[in-house]
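# Coordinates in review
Here's the letter readout for the chains.
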Amino acid sequence: QVHLVGSGGGLVQPGGSLRLSCKASGLTFSTYAMSWYRQAPGKERELVAHITSTGDTTNYTDSVKGRFTISRDNDKYTVYLQMNSLKPEDTAVYYCNAHRVVIVPETYWGQGTQVRVSS
């Protein structure tokens with residue numbers, strides 16, 4: 001059974017930093033691309049950052065470029081999201097996602113971790 005367990009969220013002041021972690025189990029982690037999504041109240045879930053299975057390519061939504069960094073440790077089955085210079089508009093529930101296409105698409109979601117940016 002696949003589990004993605006996110007952690008590291010919380011309340012932070014504007015300009016502060018947080019690091020989210022997502023630990024995977026029940027899958028061959030190094031064969032999955034990993035992403036972080038977020039969903040703010042009343043808004044649709046959006047892709048924030050993506051990293052390939054090998055970690056050699058990353059992509060970000062424009063609003064977080066230069067502030068957020070996605071990384072992964074395949075030995076630890078963990079993906080990270082370092083978030084710096086946080087803004088109130090970053091407030092959302094953040095979800096990690098594992099995805100690959102072998103014969104059919106496979107997608108798994110974590111349970112979400114709350115990030116609140118407020119003074």
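Throughout what follows, the structure given in this document is the object of discussion. (Residues numbered from 1 in each chain as written. Predicted model: local features only at pLDDT ≥ 70, side-chain atom pairs only at ≥ 80, totals over all residues. Heavy atoms only, no water.)

Quick look at the state of the cysteines now. Throughout the structure, instances matching the rule amount to one disulfide. Across the disulfide, Cys 22 is cross-linked to Cys 96 (sulfur-sulfur distance 2.0 Å). Its S-S torsion of approximately 45° makes the covalent link between Cys 22 and Cys 96 right-handed. Linking Cys 22 in strand S3 (residues 18–25) with Cys 96 in strand S9 (residues 92–101), this pair joins segments that are 74 residues apart in sequence. No difference in accessibility class separates Cys 22 from Cys 96, as the two residues are buried. (Disulfide = S-S within 2.5 Å. Helix = DSSP H or I, 4+ residues; strand = E, 2+ residues; numbered from the N terminus. Buried < 20%, exposed > 50% of the residue type's maximum accessible area, 1.4 Å probe, protein only.)

It is worth spelling out the environment of Tyr 80 at this point. In this structure, Tyr 80 sits in strand S8 (residues 78–83). In this structure, the C-alpha to C-alpha distance between Tyr 80 and Thr 52, residues 28 residues apart in sequence, is 13 Å.

The next thing to look at is the nonpolar core. Counting residues in each nonpolar core, the largest one holds 28 residues, and the members touching the most others are Met 34, Trp 36, Phe 68, Val 79, Leu 81, Met 83 and Tyr 94. Contact partners of Phe 68, with chain neighbours within four places excluded, come to Arg 38, Val 48, Tyr 60, Leu 81, Gln 82, Met 83, Asn 84, Leu 86, Asp 90 and Tyr 94. (Core = buried A, V, L, I, M, F, W, Y, C linked by side-chain atoms within 4.5 Å. Contact = heavy atoms within 4.5 Å.)

This next bit is on the side chain of Ser 35. Relative to the helices and strands, Ser 35 is located in strand S4 (residues 33–39). In this structure, Ser 35 is in contact with Leu 47, Ala 49, His 50, Ile 70, Tyr 95, Cys 96 and Asn 97, ignoring residues within four places of it in sequence.

One face of the sheet, then the other: side chains in a regular strand alternate in exactly this way. As defined by bridge partners, strand S1 (residues 3–7) adjoins S3 across five bridges and the pair is classed as antiparallel. Note that in S3 the partner of Leu 4 across the bridge is Ala 24. Sheet topology note: the S3/S8 ladder contains six bridges and is antiparallel. Its bridge partner lying in S8, Lys 23 is registered against Thr 78. (Pairing = 2+ DSSP bridges.)

Enumeration over the complete set of coordinates arrives at five salt bridges. Note that Arg 38 and Asp 90 form a salt bridge whose closest N and O atoms lie 2.9 Å from each other. Taken together, the positions of Arg 38 in strand S4 and Asp 90 in the loop between S8 and S9 put the pair 52 residues apart, joining distant regions of the chain. The class for Asp 90 is buried, based on a relative accessible area of 1%. The partner of Asp 62 in a salt bridge is Lys 65, and the shortest N-O contact between them spans 3.0 Å. In the salt-bridge network here, residues are joined through shared partners; they are Arg 38, Glu 46, Arg 67 and Asp 90. (Salt bridge = Lys/Arg side-chain N within 4 Å of Asp/Glu carboxyl O.)

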